[in-house]
Amino acid sequence: MGKPSRRSVLVSLGTAVAGFAGCSDATTSPTNSGPSDTTTPTQTTAVTPTRSETETTMPAETIPKTGQPGDVEAFDEVLPSFLEEWGIPGATVAVMEREQLVFTRGYGTVGPDSDEPVRPAAPFRVGSLSKPITAVATLDLVGKGKLSLDDRAFEIRSDLLPAEGPADPRVEEITVRQLLTHTAGWDRETLGFDPVFAPIEVAKAQGTAPPASAETTIEFALNRELGYDPGTDFQYANFGYCVLGRVIEGVTGEDYESHVRETILEPLGAGDVAIGATRKTNLRAEEVRYLSHTTVESPFPGEGEVPRPYGAGVLGEALDANGGWVGSAPDLLRFVRGIDGLGGVPDVLDAETREQMLARPDVSHWDGGDQYYGLGWFVDRSGAGTMLWHNGSLPGSYAFLAHDRTKSRTLLALFNGRSPDQLFGQFNAAAQRTLLRATRNVDTWPSRDRFENV
């Protein structure tokens, strides 16, 4: 994949932007095929979204809004029409400036089969926004001297290696740093598909009952060749973060979710963020419901066909460290407060470790570039300051976060729907462009903090 054009990458919270990568099983994008591709198109073509029989679309003027209205109107002016255009039930948007929650709003409904309005603090699946959480948990262990970025992952978790050794001996050289930076050697061309989104196929290949666990998924991948020498290229791979979750467990002796919640999220006031559930009947009572365009075979034997958001990937199994977290916009911004270096809220990472998180990896893919994937974040240094960003996408949900370190401002939006796969590249770019233009259109953000009132 070629280096992204400077024109196509986010420079600040006030610029137009094209598409970024995320945890997804969308099958197409403007420049690449397959789930979770990094896409940086410089243009998008206007496309009329294909409506599914399961969609319910409200006219923009009737879409409900929740939260405190008044002095920030920019999002009210664009989000209802965006939801109508793409047939998405609902969304929440939140903006934090200098660690204060200055804006939060809910738009639309909690699901395609409901008239209940979305509240600003409703939990959503966040897809690949899970990766920054996993990266920070990993770097916390580095800062505490319990782990090194250059430690070999499968020395820490040698129990995951096949008894006869991996199919590709280069696997044993993969480091924690390479897992964090998507430079570990895995690519979907070599594997044939993204194994974290194939719980039935992986289980069948390994001779186990579905859905495939994280450990079974790793066993499957270690029986196959790498796509390139570790540390020599960048290929966005959900699977590498699946391995990182197991590394965290190996170092701490604790379950991944429990460790991350106890050491990172709860100290930051974000203890309600948790690994989600796959089945619709197992979602939290307050969690939104997700838009489906099609059905798939349930990964749980005997359950037949289910709406795709409730069967395409199994949250809590192969989807945890790479894409399994569920949380509200305010709670996710509380997490960002803990790594912003401002000092109002005590940071979970020290200054040296934060700078490691933002460093450009030493691979030719990023040579000479000021936009790259660091340790768990896309980083943009092309403007006057530094921007961290990521998106996340699962069937039926979409998330986007952009943190401007220079302005100490963070934008976060969560949606309980996305486009059909064939339109995902256009949707991805349009969502980010809409959100960032609305942010740009706010001249002055109010001086207030709503964290205690959501």
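This is a predicted model, so every value here is computed, not measured.

Analysis parameters
- Residues numbered from 1 in each chain as written.
- Predicted model: local features only at pLDDT ≥ 70, side-chain atom pairs only at ≥ 80, totals over all residues.
- Heavy atoms only, no water.
- Helix = DSSP H or I, 4+ residues; strand = E, 2+ residues; numbered from the N terminus.
- Buried < 20%, exposed > 50% of the residue type's maximum accessible area, 1.4 Å probe, protein only.
- Contact = heavy atoms within 4.5 Å.
- Pairing = 2+ DSSP bridges.
- Salt bridge = Lys/Arg side-chain N within 4 Å of Asp/Glu carboxyl O.

(A) Spatial organisation of the environment of L129. You can see L129 is positioned in the loop between strand 4 (124–125) and helix 2 (130–143). Judged by relative accessible area, which is 5%, L129 ranks as buried. Separated by 197 residues in the primary sequence, L129 and V326 have C-alpha atoms spaced 9.6 Å apart. Apart from the residues lying within four places of it in its own chain, the contact partners of L129 are H390, N391, G392, A399, L401 and L412.

(B) Fine view of the pairing of strand 3 (residues 100–108). Summarising burial for strand 3: 8 of the 9 residues are buried, a large majority. In the sheet, strand 1 (residues 65–66) pairs with strand 3 via 2 bridges, with the strands oriented antiparallel. By the bridge assignment, T66 is partnered in strand 3 with G106. In terms of strand pairing, strand 2 (residues 90–97) meets strand 3 through 8 bridges, oriented antiparallel. Note that in strand 3 the partner of E97 across the bridge is Q100. Where strand 2 folds back on strand 3, the antiparallel hairpin that results is connected by 2 residues, among which R98 adopts a positive phi of roughly 45 degrees.

(C) Fine view of the pattern of salt bridges. Evaluation of the coordinates by the stated rule reveals 21 salt bridges. For the salt bridge of R354 with D347, the shortest nitrogen-to-oxygen distance reads 3.0 Å. The residue E355 makes a salt bridge to R405 at a minimum N-O spacing of 3.8 Å. One end of the pair, E355, is in helix 11 (residues 351–358); the other, R405, is in the loop between strand 12 (397–404) and strand 13 (409–415), and 50 residues separate them in sequence. The class of R405 is partly exposed, set by a relative accessible area of 24%. When salt bridges that share partners are traced, they join E215, R246, E249 and D320 into one network.

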